[in-house]
Amino acid sequence: MKPHHAPPAVGGPDPYFPNSGDHRYRVHRYELALDYRPGPNRLAASARLSAVANAALAEFALDLAEFRIGRVLVDGKTARYTHRGGKLRIRPAKALAAGAAFTVEVHYTGNPRPVRSPWGGLGWEELTEGALVASQPVGAPSWFPCNDRPADKATYQVAVTTPSPFTVLSGGRLLTRTTRASSTTWVYEQSAPTSSYLVTVSIGHYQPVPLAARPAHPQAGFGAQAGHVPQTGYVPQRLAEAFARDFARQPEMMAYFAEVFGPYPFGEYAVVVADEELDVPVEAQGVATFGTNHLGGGWERERLIAHELAHQWFGNSVSIADWRHIWLNEGFAKYAEWLWSEYAGGPGAAVHAAAAHRLLAGLPQDLRLGDPGRRLMFDDRLYQRGGLTVHALRLALGDGAFFAMLRDWAGVNRHGVVATSDLLAHASRYTTTPLGPLFEAWLERPELPPLTG
(Lines give C-alpha, C1' and ligand atoms only; values in the text may rest on other atoms or scores of the structure.)
Protein backbone atom coordinates (compact mmCIF):
# COMPACT_ATOMS: atom_id res chain seq x y z
CA MET A 1 0.00 0.00 0.00
CA LYS A 2 1.14 3.51 -0.71
CA PRO A 3 2.38 5.22 2.48
CA HIS A 4 1.37 8.73 3.33
CA HIS A 5 3.26 11.30 5.33
CA ALA A 6 2.22 13.36 8.28
CA PRO A 7 -0.49 15.90 7.47
CA PRO A 8 -0.02 19.50 8.48
CA ALA A 9 -0.08 19.70 12.27
CA VAL A 10 -3.13 21.90 12.63
CA GLY A 11 -5.94 22.00 15.12
CA GLY A 12 -6.12 23.40 18.61
CA PRO A 13 -3.82 22.94 21.58
CA ASP A 14 -3.30 19.45 22.99
CA PRO A 15 -6.08 18.95 25.58
CA TYR A 16 -3.65 17.30 28.02
CA PHE A 17 -0.78 19.76 27.52
CA PRO A 18 -2.37 23.02 26.33
CA ASN A 19 0.85 24.96 26.96
CA SER A 20 2.95 22.67 24.74
CA GLY A 21 3.46 23.45 21.09
CA ASP A 22 2.04 26.06 18.75
CA HIS A 23 -0.46 24.77 16.16
CA ARG A 24 -0.15 27.93 14.04
CA TYR A 25 2.90 26.59 12.20
CA ARG A 26 4.55 23.26 11.41
CA VAL A 27 8.21 22.30 11.28
CA HIS A 28 9.56 20.04 8.55
CA ARG A 29 13.25 19.99 9.55
CA TYR A 30 15.47 20.54 12.59
CA GLU A 31 19.25 20.92 12.46
CA LEU A 32 20.73 20.72 15.96
CA ALA A 33 24.39 21.36 16.81
CA LEU A 34 25.28 20.54 20.41
CA ASP A 35 28.59 20.95 22.21
CA TYR A 36 28.27 19.05 25.49
CA ARG A 37 30.77 18.78 28.35
CA PRO A 38 29.71 15.92 30.65
CA GLY A 39 31.72 16.95 33.72
CA PRO A 40 30.11 20.34 34.31
CA ASN A 41 26.94 19.27 32.40
CA ARG A 42 27.43 22.25 30.11
CA LEU A 43 25.64 22.64 26.78
CA ALA A 44 26.35 25.23 24.09
CA ALA A 45 24.01 24.72 21.16
CA SER A 46 22.27 26.07 18.11
CA ALA A 47 19.05 24.94 16.49
CA ARG A 48 17.85 25.77 13.00
CA LEU A 49 14.22 25.02 12.22
CA SER A 50 12.66 25.07 8.76
CA ALA A 51 8.95 25.66 9.09
CA VAL A 52 5.73 26.70 7.34
CA ALA A 53 3.13 29.08 8.74
CA ASN A 54 -0.38 27.64 8.93
CA ALA A 55 -1.76 31.15 9.45
CA ALA A 56 -0.50 34.71 9.27
CA LEU A 57 1.94 35.15 12.15
CA ALA A 58 3.07 38.37 13.78
CA GLU A 59 4.62 36.17 16.48
CA PHE A 60 4.96 32.46 17.29
CA ALA A 61 6.29 30.31 20.09
CA LEU A 62 8.84 27.55 20.59
CA ASP A 63 9.07 25.31 23.65
CA LEU A 64 12.44 25.67 25.40
CA ALA A 65 13.48 25.20 29.03
CA GLU A 66 15.66 27.52 31.09
CA PHE A 67 18.66 28.28 28.89
CA ARG A 68 20.48 31.52 28.27
CA ILE A 69 19.54 32.77 24.80
CA GLY A 70 22.37 34.16 22.70
CA ARG A 71 20.46 35.27 19.62
CA VAL A 72 17.35 34.47 17.65
CA LEU A 73 17.08 34.88 13.89
CA VAL A 74 14.05 34.51 11.62
CA ASP A 75 14.93 34.17 7.94
CA GLY A 76 18.44 35.31 8.83
CA LYS A 77 17.33 38.53 10.49
CA THR A 78 17.46 39.34 14.20
CA ALA A 79 14.08 38.82 15.87
CA ARG A 80 12.71 40.11 19.14
CA TYR A 81 11.81 37.52 21.74
CA THR A 82 10.76 36.83 25.30
CA HIS A 83 11.68 33.66 27.16
CA ARG A 84 9.89 32.57 30.31
CA GLY A 85 7.80 29.72 31.59
CA GLY A 86 9.28 27.29 29.07
CA LYS A 87 8.12 29.41 26.11
CA LEU A 88 10.36 31.25 23.68
CA ARG A 89 8.01 33.76 22.07
CA ILE A 90 9.44 35.19 18.87
CA ARG A 91 8.39 38.31 16.95
CA PRO A 92 10.03 38.39 13.51
CA ALA A 93 11.03 41.72 12.01
CA LYS A 94 8.34 41.19 9.37
CA ALA A 95 5.10 39.27 9.96
CA LEU A 96 4.84 35.89 8.23
CA ALA A 97 2.11 35.31 5.68
CA ALA A 98 -0.11 32.24 5.83
CA GLY A 99 1.59 29.43 3.90
CA ALA A 100 5.00 31.11 4.07
CA ALA A 101 8.11 28.99 4.55
CA PHE A 102 10.52 30.42 7.13
CA THR A 103 13.59 29.51 9.16
CA VAL A 104 14.28 30.09 12.84
CA GLU A 105 17.75 29.95 14.34
CA VAL A 106 18.27 29.89 18.10
CA HIS A 107 21.65 29.97 19.86
CA TYR A 108 21.57 29.01 23.53
CA THR A 109 23.73 27.81 26.42
CA GLY A 110 23.20 26.38 29.88
CA ASN A 111 23.04 23.32 32.09
CA PRO A 112 20.37 20.97 30.72
CA ARG A 113 18.15 19.35 33.28
CA PRO A 114 14.92 17.36 33.14
CA VAL A 115 11.59 19.13 32.81
CA ARG A 116 9.48 18.62 35.92
CA SER A 117 6.29 16.61 35.41
CA PRO A 118 3.79 14.48 37.35
CA TRP A 119 5.89 11.46 36.27
CA GLY A 120 9.22 12.83 37.44
CA GLY A 121 11.92 14.50 35.37
CA LEU A 122 11.56 14.26 31.59
CA GLY A 123 14.11 14.84 28.84
CA TRP A 124 17.83 15.42 29.30
CA GLU A 125 19.21 13.46 32.23
CA GLU A 126 22.78 13.80 33.41
CA LEU A 127 24.33 10.42 34.26
CA THR A 128 27.37 9.63 36.38
CA GLU A 129 29.36 9.65 33.16
CA GLY A 130 27.46 11.02 30.21
CA ALA A 131 23.79 11.74 29.59
CA LEU A 132 20.63 10.33 28.07
CA VAL A 133 17.36 11.73 26.78
CA ALA A 134 13.94 10.24 27.56
CA SER A 135 11.33 12.85 26.66
CA GLN A 136 7.90 11.21 26.58
CA PRO A 137 5.61 13.08 26.64
CA VAL A 138 6.85 16.69 26.99
CA GLY A 139 10.58 16.54 27.80
CA ALA A 140 12.06 17.59 24.44
CA PRO A 141 12.33 21.29 25.43
CA SER A 142 14.81 20.24 28.12
CA TRP A 143 17.50 20.26 25.42
CA PHE A 144 16.32 21.91 22.20
CA PRO A 145 13.77 24.51 21.05
CA CYS A 146 10.87 22.77 19.37
CA ASN A 147 7.20 22.75 18.49
CA ASP A 148 6.49 20.09 21.09
CA ARG A 149 3.42 18.39 19.60
CA PRO A 150 3.40 14.68 18.70
CA ALA A 151 1.64 15.40 15.40
CA ASP A 152 4.26 17.92 14.22
CA LYS A 153 6.72 15.43 12.75
CA ALA A 154 9.94 16.56 11.08
CA THR A 155 13.28 15.25 9.86
CA TYR A 156 16.31 15.82 12.07
CA GLN A 157 20.04 16.26 11.81
CA VAL A 158 21.71 16.02 15.22
CA ALA A 159 25.39 16.89 15.61
CA VAL A 160 26.96 16.34 19.04
CA THR A 161 30.50 17.35 20.00
CA THR A 162 31.81 15.87 23.23
CA PRO A 163 35.13 14.61 24.68
CA SER A 164 36.55 11.81 22.52
CA PRO A 165 36.39 8.97 25.10
CA PHE A 166 32.58 9.13 24.92
CA THR A 167 30.34 7.41 22.40
CA VAL A 168 27.35 9.39 21.13
CA LEU A 169 24.21 7.77 19.78
CA SER A 170 21.16 9.41 18.25
CA GLY A 171 18.36 8.12 16.04
CA GLY A 172 19.01 7.65 12.35
CA ARG A 173 22.12 7.09 10.28
CA LEU A 174 25.58 8.14 11.43
CA LEU A 175 26.79 10.46 8.68
CA THR A 176 30.20 11.44 10.03
CA ARG A 177 32.39 11.11 13.07
CA THR A 178 35.21 13.67 13.17
CA THR A 179 37.89 13.99 15.84
CA ARG A 180 39.75 17.23 16.43
CA ALA A 181 42.15 17.53 19.35
CA SER A 182 40.38 15.92 22.32
CA SER A 183 36.81 16.24 21.03
CA THR A 184 34.76 14.22 18.56
CA THR A 185 31.71 15.38 16.60
CA TRP A 186 29.07 12.79 15.74
CA VAL A 187 26.50 13.74 13.08
CA TYR A 188 23.29 11.71 12.73
CA GLU A 189 20.56 12.10 10.11
CA GLN A 190 17.02 10.96 10.84
CA SER A 191 15.27 11.21 7.47
CA ALA A 192 11.92 9.78 8.62
CA PRO A 193 9.33 12.19 10.05
CA THR A 194 9.84 12.22 13.81
CA SER A 195 7.87 13.60 16.76
CA SER A 196 9.91 15.86 19.03
CA TYR A 197 9.52 13.58 22.07
CA LEU A 198 11.05 10.71 20.06
CA VAL A 199 14.36 12.46 19.36
CA THR A 200 17.09 11.14 21.62
CA VAL A 201 20.78 11.41 22.45
CA SER A 202 22.84 9.01 24.56
CA ILE A 203 26.36 9.88 25.64
CA GLY A 204 28.45 7.34 27.54
CA HIS A 205 31.29 4.83 27.57
CA TYR A 206 29.69 2.24 25.34
CA GLN A 207 30.87 -0.74 23.36
CA PRO A 208 28.93 -1.53 20.18
CA VAL A 209 27.54 -5.08 20.09
CA PRO A 210 26.12 -6.03 16.65
CA LEU A 211 23.22 -8.46 16.77
CA ALA A 212 22.83 -11.25 14.21
CA ALA A 213 21.66 -9.85 10.90
CA ARG A 214 19.16 -12.59 10.08
CA PRO A 215 16.47 -14.53 11.94
CA ALA A 216 17.55 -17.36 14.18
CA HIS A 217 15.13 -19.68 12.35
CA PRO A 218 15.35 -19.03 8.58
CA GLN A 219 12.71 -21.65 7.92
CA ALA A 220 10.14 -19.25 9.37
CA GLY A 221 9.85 -17.82 5.86
CA PHE A 222 9.98 -14.16 6.81
CA GLY A 223 10.90 -11.60 4.17
CA ALA A 224 14.53 -10.69 3.59
CA GLN A 225 13.89 -7.07 4.51
CA ALA A 226 13.93 -7.68 8.26
CA GLY A 227 17.17 -9.60 8.02
CA HIS A 228 18.92 -6.55 6.64
CA VAL A 229 17.96 -4.07 9.35
CA PRO A 230 21.22 -3.23 11.18
CA GLN A 231 20.66 -3.93 14.89
CA THR A 232 23.31 -2.81 17.34
CA GLY A 233 23.56 -2.58 21.09
CA TYR A 234 25.55 0.16 22.82
CA VAL A 235 26.42 -1.12 26.26
CA PRO A 236 29.02 -0.77 29.01
CA GLN A 237 31.89 -3.11 28.13
CA ARG A 238 31.40 -5.29 31.22
CA LEU A 239 27.81 -6.02 30.10
CA ALA A 240 28.53 -6.86 26.47
CA GLU A 241 28.27 -10.63 26.93
CA ALA A 242 25.10 -10.39 29.01
CA PHE A 243 23.52 -8.11 26.43
CA ALA A 244 24.41 -10.41 23.52
CA ARG A 245 22.81 -13.31 25.40
CA ASP A 246 19.68 -11.49 26.61
CA PHE A 247 18.97 -9.81 23.26
CA ALA A 248 19.91 -12.82 21.11
CA ARG A 249 16.31 -13.31 19.91
CA GLN A 250 15.73 -9.68 18.94
CA PRO A 251 16.65 -10.29 15.25
CA GLU A 252 14.10 -13.09 15.14
CA MET A 253 11.62 -10.77 16.84
CA MET A 254 12.36 -8.11 14.21
CA ALA A 255 11.70 -10.63 11.43
CA TYR A 256 8.44 -11.78 13.00
CA PHE A 257 7.18 -8.24 13.54
CA ALA A 258 8.13 -7.31 9.97
CA GLU A 259 5.95 -10.19 8.83
CA VAL A 260 2.89 -9.32 10.89
CA PHE A 261 3.19 -5.50 10.99
CA GLY A 262 4.87 -4.90 7.63
CA PRO A 263 8.45 -3.80 6.86
CA TYR A 264 10.43 -2.16 9.64
CA PRO A 265 9.80 1.56 9.09
CA PHE A 266 13.32 2.93 9.65
CA GLY A 267 16.83 2.28 8.41
CA GLU A 268 18.34 0.84 11.58
CA TYR A 269 17.55 -0.07 15.18
CA ALA A 270 19.81 0.63 18.14
CA VAL A 271 19.49 -0.44 21.76
CA VAL A 272 21.30 1.51 24.47
CA VAL A 273 21.89 0.02 27.90
CA ALA A 274 22.68 3.05 30.05
CA ASP A 275 25.06 2.44 32.93
CA GLU A 276 22.27 3.18 35.40
CA GLU A 277 19.10 1.54 36.65
CA LEU A 278 16.02 2.97 34.93
CA ASP A 279 12.39 2.69 36.00
CA VAL A 280 11.26 1.55 32.56
CA PRO A 281 12.81 1.24 29.10
CA VAL A 282 12.05 4.17 26.79
CA GLU A 283 11.38 4.21 23.06
CA ALA A 284 12.73 6.81 20.65
CA GLN A 285 12.80 6.93 16.85
CA GLY A 286 14.98 3.98 15.82
CA VAL A 287 16.37 3.62 19.36
CA ALA A 288 15.33 2.04 22.65
CA THR A 289 17.04 2.80 25.96
CA PHE A 290 17.20 0.22 28.74
CA GLY A 291 18.80 0.26 32.19
CA THR A 292 21.24 -2.24 33.64
CA ASN A 293 18.33 -3.64 35.66
CA HIS A 294 16.62 -4.72 32.43
CA LEU A 295 19.27 -7.34 31.69
CA GLY A 296 19.07 -10.82 33.15
CA GLY A 297 16.72 -12.73 30.87
CA GLY A 298 13.30 -14.21 31.58
CA TRP A 299 9.88 -13.34 30.17
CA GLU A 300 9.47 -10.05 32.06
CA ARG A 301 12.59 -8.69 30.37
CA GLU A 302 11.94 -10.32 27.00
CA ARG A 303 8.49 -8.77 26.82
CA LEU A 304 10.08 -5.32 27.33
CA ILE A 305 12.35 -5.98 24.33
CA ALA A 306 9.26 -6.83 22.27
CA HIS A 307 7.33 -3.83 23.59
CA GLU A 308 10.01 -1.27 22.73
CA LEU A 309 10.64 -2.78 19.30
CA ALA A 310 6.90 -2.76 18.51
CA HIS A 311 6.77 0.96 19.27
CA GLN A 312 8.85 1.56 16.15
CA TRP A 313 5.71 0.71 14.20
CA PHE A 314 3.07 1.82 16.71
CA GLY A 315 3.83 5.23 18.17
CA ASN A 316 6.92 6.14 16.17
CA SER A 317 6.04 5.49 12.52
CA VAL A 318 2.27 5.57 13.14
CA SER A 319 2.03 8.51 15.54
CA ILE A 320 -0.86 9.93 17.52
CA ALA A 321 -2.55 13.22 16.73
CA ASP A 322 -2.54 14.18 20.41
CA TRP A 323 -2.06 12.51 23.78
CA ARG A 324 -5.73 11.52 24.21
CA HIS A 325 -4.98 8.67 21.82
CA ILE A 326 -2.01 7.21 23.71
CA TRP A 327 -3.75 3.84 23.91
CA LEU A 328 -2.98 3.43 20.18
CA ASN A 329 0.72 3.43 21.07
CA GLU A 330 0.57 1.33 24.21
CA GLY A 331 -2.25 -1.04 23.33
CA PHE A 332 -0.61 -2.25 20.13
CA ALA A 333 2.82 -2.49 21.81
CA LYS A 334 1.30 -4.51 24.68
CA TYR A 335 -0.44 -6.79 22.18
CA ALA A 336 2.86 -7.24 20.35
CA GLU A 337 4.25 -8.75 23.57
CA TRP A 338 1.44 -11.31 23.54
CA LEU A 339 1.88 -12.04 19.84
CA TRP A 340 5.59 -12.63 20.34
CA SER A 341 4.87 -14.99 23.25
CA GLU A 342 2.42 -16.87 21.04
CA TYR A 343 4.95 -17.15 18.20
CA ALA A 344 7.94 -17.97 20.40
CA GLY A 345 6.39 -20.97 22.10
CA GLY A 346 5.09 -19.29 25.24
CA PRO A 347 1.50 -18.74 26.33
CA GLY A 348 -0.79 -17.64 23.51
CA ALA A 349 -2.30 -14.17 23.21
CA ALA A 350 -5.61 -15.54 24.47
CA VAL A 351 -3.93 -16.74 27.68
CA HIS A 352 -2.29 -13.35 28.24
CA ALA A 353 -5.60 -11.60 27.49
CA ALA A 354 -7.47 -13.75 30.00
CA ALA A 355 -4.86 -12.99 32.66
CA ALA A 356 -5.04 -9.26 31.91
CA HIS A 357 -8.84 -9.39 32.10
CA ARG A 358 -8.72 -11.08 35.50
CA LEU A 359 -6.23 -8.49 36.72
CA LEU A 360 -8.33 -5.54 35.56
CA ALA A 361 -11.54 -7.04 36.91
CA GLY A 362 -10.11 -6.68 40.41
CA LEU A 363 -9.03 -3.05 39.97
CA PRO A 364 -11.01 0.22 39.99
CA GLN A 365 -13.20 0.71 36.91
CA ASP A 366 -12.56 4.41 36.38
CA LEU A 367 -10.31 4.40 33.29
CA ARG A 368 -11.77 5.60 30.00
CA LEU A 369 -9.29 4.15 27.54
CA GLY A 370 -10.12 6.37 24.56
CA ASP A 371 -9.53 9.55 26.58
CA PRO A 372 -7.91 8.63 29.89
CA GLY A 373 -7.00 12.16 30.99
CA ARG A 374 -3.52 13.32 31.80
CA ARG A 375 -3.53 11.78 35.27
CA LEU A 376 -4.09 8.24 33.97
CA MET A 377 -2.33 8.34 30.60
CA PHE A 378 0.54 6.15 31.87
CA ASP A 379 -1.52 4.05 34.29
CA ASP A 380 -0.66 0.34 34.13
CA ARG A 381 -4.32 -0.38 33.43
CA LEU A 382 -4.15 1.58 30.16
CA TYR A 383 -1.51 -0.82 28.82
CA GLN A 384 -3.44 -3.93 29.83
CA ARG A 385 -6.81 -2.67 28.64
CA GLY A 386 -5.20 -1.41 25.43
CA GLY A 387 -3.88 -4.90 24.73
CA LEU A 388 -7.29 -6.36 25.56
CA THR A 389 -9.00 -3.97 23.14
CA VAL A 390 -6.72 -5.12 20.32
CA HIS A 391 -7.46 -8.74 21.28
CA ALA A 392 -11.21 -8.03 21.27
CA LEU A 393 -10.78 -6.62 17.77
CA ARG A 394 -8.98 -9.81 16.74
CA LEU A 395 -11.83 -11.93 18.07
CA ALA A 396 -14.39 -9.78 16.25
CA LEU A 397 -12.58 -9.89 12.90
CA GLY A 398 -11.13 -13.39 12.95
CA ASP A 399 -7.43 -14.05 12.46
CA GLY A 400 -7.27 -13.67 8.69
CA ALA A 401 -8.99 -10.29 8.58
CA PHE A 402 -7.33 -9.11 11.79
CA PHE A 403 -3.77 -9.69 10.63
CA ALA A 404 -4.51 -8.15 7.23
CA MET A 405 -6.02 -5.15 9.03
CA LEU A 406 -3.02 -4.87 11.34
CA ARG A 407 -0.44 -4.94 8.58
CA ASP A 408 -2.41 -2.48 6.46
CA TRP A 409 -2.87 -0.12 9.43
CA ALA A 410 0.90 0.16 9.80
CA GLY A 411 1.38 0.39 6.03
CA VAL A 412 -1.27 2.93 5.09
CA ASN A 413 -0.27 5.18 8.00
CA ARG A 414 3.50 4.71 7.71
CA HIS A 415 5.19 7.92 8.96
CA GLY A 416 1.73 9.42 9.43
CA VAL A 417 -0.54 10.70 12.20
CA VAL A 418 -3.71 8.98 13.42
CA ALA A 419 -6.53 9.19 15.94
CA THR A 420 -8.80 6.50 17.39
CA SER A 421 -11.54 7.37 14.87
CA ASP A 422 -9.10 6.46 12.09
CA LEU A 423 -8.67 2.96 13.52
CA LEU A 424 -12.44 2.46 13.71
CA ALA A 425 -12.83 3.53 10.09
CA HIS A 426 -9.90 1.36 9.00
CA ALA A 427 -10.90 -1.80 10.89
CA SER A 428 -14.50 -1.49 9.69
CA ARG A 429 -13.33 -2.21 6.15
CA TYR A 430 -12.39 -5.76 7.18
CA THR A 431 -15.81 -6.90 8.41
CA THR A 432 -19.50 -6.54 7.68
CA THR A 433 -20.24 -6.44 11.42
CA PRO A 434 -20.49 -2.90 12.81
CA LEU A 435 -17.55 -2.25 15.14
CA GLY A 436 -19.02 0.84 16.77
CA PRO A 437 -20.42 -1.09 19.76
CA LEU A 438 -17.06 -2.82 20.38
CA PHE A 439 -15.17 0.49 20.31
CA GLU A 440 -17.81 2.11 22.51
CA ALA A 441 -17.58 -0.65 25.13
CA TRP A 442 -13.79 -0.89 25.27
CA LEU A 443 -12.81 2.74 24.70
CA GLU A 444 -15.61 5.01 25.87
CA ARG A 445 -17.05 3.24 28.93
CA PRO A 446 -14.94 2.80 32.06
CA GLU A 447 -16.48 -0.54 33.15
CA LEU A 448 -14.63 -3.59 31.86
CA PRO A 449 -16.53 -5.46 29.13
CA PRO A 450 -16.59 -9.27 29.12
CA LEU A 451 -13.92 -10.95 27.02
CA THR A 452 -15.78 -13.14 24.56
CA GLY A 453 -14.58 -15.56 21.91
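Participant: Help me understand unusual backbone geometry, please; the structure alone is not making it clear to me.
Facilitator: Leave glycine aside and you will find that most residues have negative phi; peptide bonds, for their part, are mostly trans. A cis amide bond, omega 0°, links Gln136 with the succeeding residue Pro137. Among the structural elements, Pro137 can be located in the loop between β10 (130–134) and β11 (154–163). Although it is not a glycine, Asn41 sits at a positive phi angle of roughly 55°. Its identity is not glycine, yet His415 carries a phi of approximately 60°, on the positive side. Relative to the helices and strands, His415 is located in the loop between α8 (399–412) and β22 (417–418). By relative accessible area, which is 9% here, His415 ends up buried.

Participant: Just checking my understanding: could you explain the pairing of strand β17 (residues 231–235) for this structure?
Facilitator: Two faces belong to every sheet, and in a regular strand the side chains alternate between them. Counting buried positions over the five residues of β17 gives five, a clear majority of the element. Alternating residues of β17 divide into Gln231, Gly233 and Val235 and Thr232 and Tyr234, and every residue in both groups is buried. Summarising the sheet, strand β16 (residues 207–210) and β17 pair through four bridges and their orientation is antiparallel. Across the sheet, Pro210 pairs through a bridge with Thr232, a residue of β17. Sheet analysis places β17 next to strand β18 (residues 269–273), joined by four bridges and oriented parallel. Directly across from Gln231, in β18, lies its bridge partner Tyr269.

Participant: Any chance you could explain the pattern of salt bridges here in plain terms?
Facilitator: Side chains bearing opposite charge may pair, as long as their charged atoms lie close to each other. Scanning the entire structure with this criterion turns up 21 salt bridges. We note a salt bridge from Glu337 to Arg303, for which the minimum N-O separation is 3.3 Å. You can see Glu337 sitting in helix α5 (residues 326–343) and its partner Arg303 sitting in helix α4 (residues 299–310), a full 34 residues away along the chain. Of the residues examined, Arg303 reaches a relative accessible area of 18% and is grouped as buried. We note a salt bridge from Asp379 to Arg381, for which the minimum N-O separation is 3.0 Å. By relative accessible area, Arg381 is classed as buried at 11%.

Cut-offs used in this document
- Counting starts from 1 at the beginning of each chain's written sequence and moves along it residue by residue.
- In keeping with the model being predicted, local features are shown solely for residues with a pLDDT of at least 70 and side-chain atom pairs are shown and tallied solely at 80 or more, while totals for entire chains, interfaces and linings include all residues.
- Excluded from the side-chain calculation are hydrogens and water; included are all heavy atoms of the structure.
- Per the convention used, a helix needs a DSSP run of H or I reaching at least four residues, while a strand needs a run of E reaching at least two, with both numbered from the N terminus.
- A 1.4 Å probe rolled over the protein chains alone gives each residue an accessible area, and that area as a share of the maximum for its type sets the label: buried under 20%, exposed over 50%, partly exposed in between.
- Whether two strands pair comes down to DSSP finding at least two bridges between them.
- Should a side-chain nitrogen of Lys or Arg be within 4 Å of a carboxyl oxygen of Asp or Glu, the pair is scored as a salt bridge.

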